[in-house]
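# Working through the structure, step by step
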Amino acid sequence: MKSAWIILSALVVGMLLGVAVESLSPAAGTASLPYVETAGLLWLNALKMTIIPLIVALLITGITATSDAARAGKLAGRAVAIFIAGNLTAGLMTLLLLPLLLRAFPMSAAAAEGLRHGLGGHTETAASPTFADFILGLIPTNPIAAAAETSILPLIVFTTIFAFAITRVGTAERATLSGFFKALGDAMLVVIGWVLALAPIGVFALGYALAVKAGVAAFGGLLHYVLMLSVIGTGTIILALLLAVFVVGVSLPRFVRAMVPTFAVALSTQSSLASLPAMLRASAELDVDPKKADIVLPLAVALFRFTSPAMNLAVVVYVAWLFNIELTPWEMAVGLAVALAAALSSVSLPGSISFVTSIAPIAIAMGVPVAPLGLLVAVETFPDIFRTLGNVVADVAATKYAADGVEEDASPAGVVS
């Protein structure tokens, strides 16, 4: 959390310096722009180079872990099904709500143009394929080529098929392959950790370049983005509470009372994992069998990312709107499918890492520029608060719903570590 504030501070300082230089000496700003922007783009490219191998490794380990959990018993299988349904519901909410919000509360023309100009120098969009081309492209004839060309959706299709195939091989072979991809993912996390250690420098450079090209309007643009993401985040919390009341069957006052200590921990740590003990106590207050809670809640913390599809899709839809990219219903459906897969692959990752690895595949699959993510990760500190609150509400609600629907005696032996 401390590093997130450092990155945010670097962005603010870089933008303030860029505005000051452009205001006092436009010639100096123009002269310095190529050098500073190059430094930022080098950092951005280093961040992007980790996406493909990390997505492959995490998606395989996420699917194998989910498969293990689903086969661990009736309770665990029911929980996994609830997690998938919850993620789908949250993602659909964003696709329905955010376009309406952007039409009702558009960014000022000056701020939008300034932000587009500031980011336009290093963004690129792919032409939308025809329906037939899209269907044919789902199955890659060469998965290695798909990875090299950053064709995310066919790569995810192949990786998903491969991961499920791993769950069907012998125990020894399965352990070997799962261990290999876990090691690959761990190694890539080390690399991305090194890259993110340089994030203050990269974000400072990108923020400076943005401010030199866009001026003060850049601040208004980023503020509008944060507000829109915060509204979607609030929507996920409300949706999770509505599901708790109308689907799980818990009265709102009772549920909120049980969750108050969890909310305090979630707000102070912005971590679902750190909130686990408080969530276990909340589940007990909601009359969840402790043995069942001991199985479902750790699974929820490890596998359930209720807010991820909603918030990640919101970032991509917002960038598309900013760059006047029309998203068809089919492209939104594709984005939702990739968002569900990306949420599964972001198991227990820090927020700054999961922001890049979860959102970049969605953007690429929908033909939306990836480059803005290098700046938007710096302001993720604020939307991340809503991510954590929505996740803990959904985790406890899902635990209650899963436990109430299974009559068999739960045993901790069913937990998959």
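Below you will find a few notes about this structure.

Calculation notes
Residues numbered from 1 in each chain as written. Predicted model: local features only at pLDDT ≥ 70, side-chain atom pairs only at ≥ 80, totals over all residues. Heavy atoms only, no water. Helix = DSSP H or I, 4+ residues; strand = E, 2+ residues; numbered from the N terminus. Buried < 20%, exposed > 50% of the residue type's maximum accessible area, 1.4 Å probe, protein only. Areas by Shrake-Rupley, 256 points an atom, 1.4 Å probe, with all protein chains shown as cover. Core = buried A, V, L, I, M, F, W, Y, C linked by side-chain atoms within 4.5 Å. Contact = heavy atoms within 4.5 Å. Expected span 1.5 Å × (residues − 1). Phe/Tyr/Trp six-rings, centres within 6.5 Å; stacked < 30°, edge-to-face > 60°. Lys NZ or Arg CZ within 6 Å of the ring centre and 35° of its normal. 1 Å grid on protein atoms, 1.4 Å probe; cavity = no way out; pocket = protein on both sides within 12 Å on 5 of 7 lines; lining within 4 Å. Points joined across faces, edges and corners; volume = space filled by probe spheres on them. Nonpolar A, V, L, I, M, F, W, Y, C, P; charged D, E, K, R; others polar. Bend = angle between axes of the 7 residues up to and from the residue. Salt bridge = Lys/Arg side-chain N within 4 Å of Asp/Glu carboxyl O.

### Some words on the overall build of the chain
- Counting its secondary structure elements, the chain contains 19 helices and 0 strands.
- Counting every position in the chain, which comprises 417 residues, the buried fraction comes to 53%.
- Accessible surface computed for the chain: about 17,500 Å², of which carbon and sulfur atoms make up 71%.

### Quick notes on the nonpolar core
- W43, F83, Y225, F255 and F355 are the most contacted members of the largest nonpolar core, which has 126 residues in total.
- The contact partners of F355, leaving out residues within four places of it in the chain, are Y225, V315, A360, L373, L376, V377, E380 and R387.
- Residues V21, L33, Y208 and A209 belong to the second largest nonpolar core, which totals 5 residues.

### Looking at helix 15 (residues 307–322)
- In this model helix 15 runs 22 Å from its N-terminal to its C-terminal C-alpha over 16 residues, within 8% of the 22 Å that 1.5 Å per residue would give.
- Counting buried positions along helix 15 yields 15 of 16 residues, so the element is predominantly enclosed.
- Of the residues flanking the end of helix 15, it is N324, one or two places downstream, whose phi is positive at about 55°.

### Some thoughts on the packing of aromatic side chains
- A complete count under the given rule lists 7 aromatic pairs for this structure.
- Pairing F83 with F304 gives two aromatic rings, centres 4.8 Å apart and planes at 15°, and the pair type is stacked. One end of the pair, F83, is in helix 4 (residues 74–104); the other, F304, is in the loop between helix 14 (290–303) and helix 15, with 221 residues separating them in the sequence. The exposure classification of F83 matches that of F304, with both residues buried.
- Residues F162 and F181 carry aromatic rings whose centres are separated by 5.9 Å and whose planes lie at 75° to one another, so their mutual orientation is edge-to-face. Taken together, the residues span a long stretch of sequence, with F162 in helix 8 (residues 152–166) and F181 in helix 9 (residues 171–197) at a distance of 19 residues.
- Here a set of aromatic residues connected by ring pairs shows up, and it is made of F158, F162, F180 and F181.
- Directly above the ring of Y401 sits R78, whose terminal nitrogen or CZ lies 4.7 Å from the centroid.

### Overview of empty space enclosed by the protein
- For the structure shown, the criterion picks out 3 cavities of 30 Å³ or more.
- Of the volumes computed, that of the second largest cavity is approximately 40 Å³.
- Looking at the second largest cavity, the residues that line it are L44, L47, K48, I51, V356, V370, L373 and G374.
- Contributing elements (two or more residues each) for the lining of the second largest cavity: helix 2 (26–48) and helix 18 (373–376).
- Looking at which element gives the most residues to the lining of the second largest cavity, the answer is helix 2, with 3 residues.
- In terms of residue class, the lining of the second largest cavity is built from 6 nonpolar, 1 polar and 1 charged.

### Notes on unusual backbone geometry
- Look at D287: it is not a glycine, yet its phi comes out positive at around 65°.
- In this fold, D287 is placed in the loop between helix 13 (276–285) and helix 14.
- Taking the relative accessible area as the measure of exposure, D287 reaches 56% and is therefore exposed.
- Non-glycine residue N324 carries a positive phi angle of around 55°.

### Some thoughts on helix 4
- Relative to the 45 Å expected for 31 residues at 1.5 Å per residue, helix 4 spans 45 Å between its end C-alpha atoms, a close match to the ideal helical length.
- The largest bend along helix 4 measures about 25° and falls at L97, with the proline P99 one to four residues further on.

### What to know about the environment of V245
- As for its placement among the helices and strands, V245 is situated in helix 11 (residues 217–248).
- Along the backbone, V245 and F255 are 10 residues apart, and their C-alpha atoms lie at a distance of 8.2 Å.
- If we ignore the near neighbours within four places in the chain, the residues touching V245 are V250, S251 and L252.

### Re the pattern of salt bridges
- Overall, the coordinates contain 4 salt bridges when judged by the stated rule.
- Linking D287 and R254 is a salt bridge whose minimum nitrogen-to-oxygen distance equals 2.6 Å. Note that D287 is positioned in the loop between helix 13 and helix 14 and R254 in helix 12 (residues 252–269), a separation of 33 residues in sequence.
- Looking at R254, the relative accessible area reads 28%, which means it is partly exposed.
- Ionic pairing is found between K400 and D404, a salt bridge with its closest N-O pair at 3.3 Å. Taken together, the residues K400 and D404, both in helix 19 (residues 381–404) and 4 residues apart, mark about one turn of the helix.
- Residue class for K400 comes out buried when judged on its relative accessible area of 9%.

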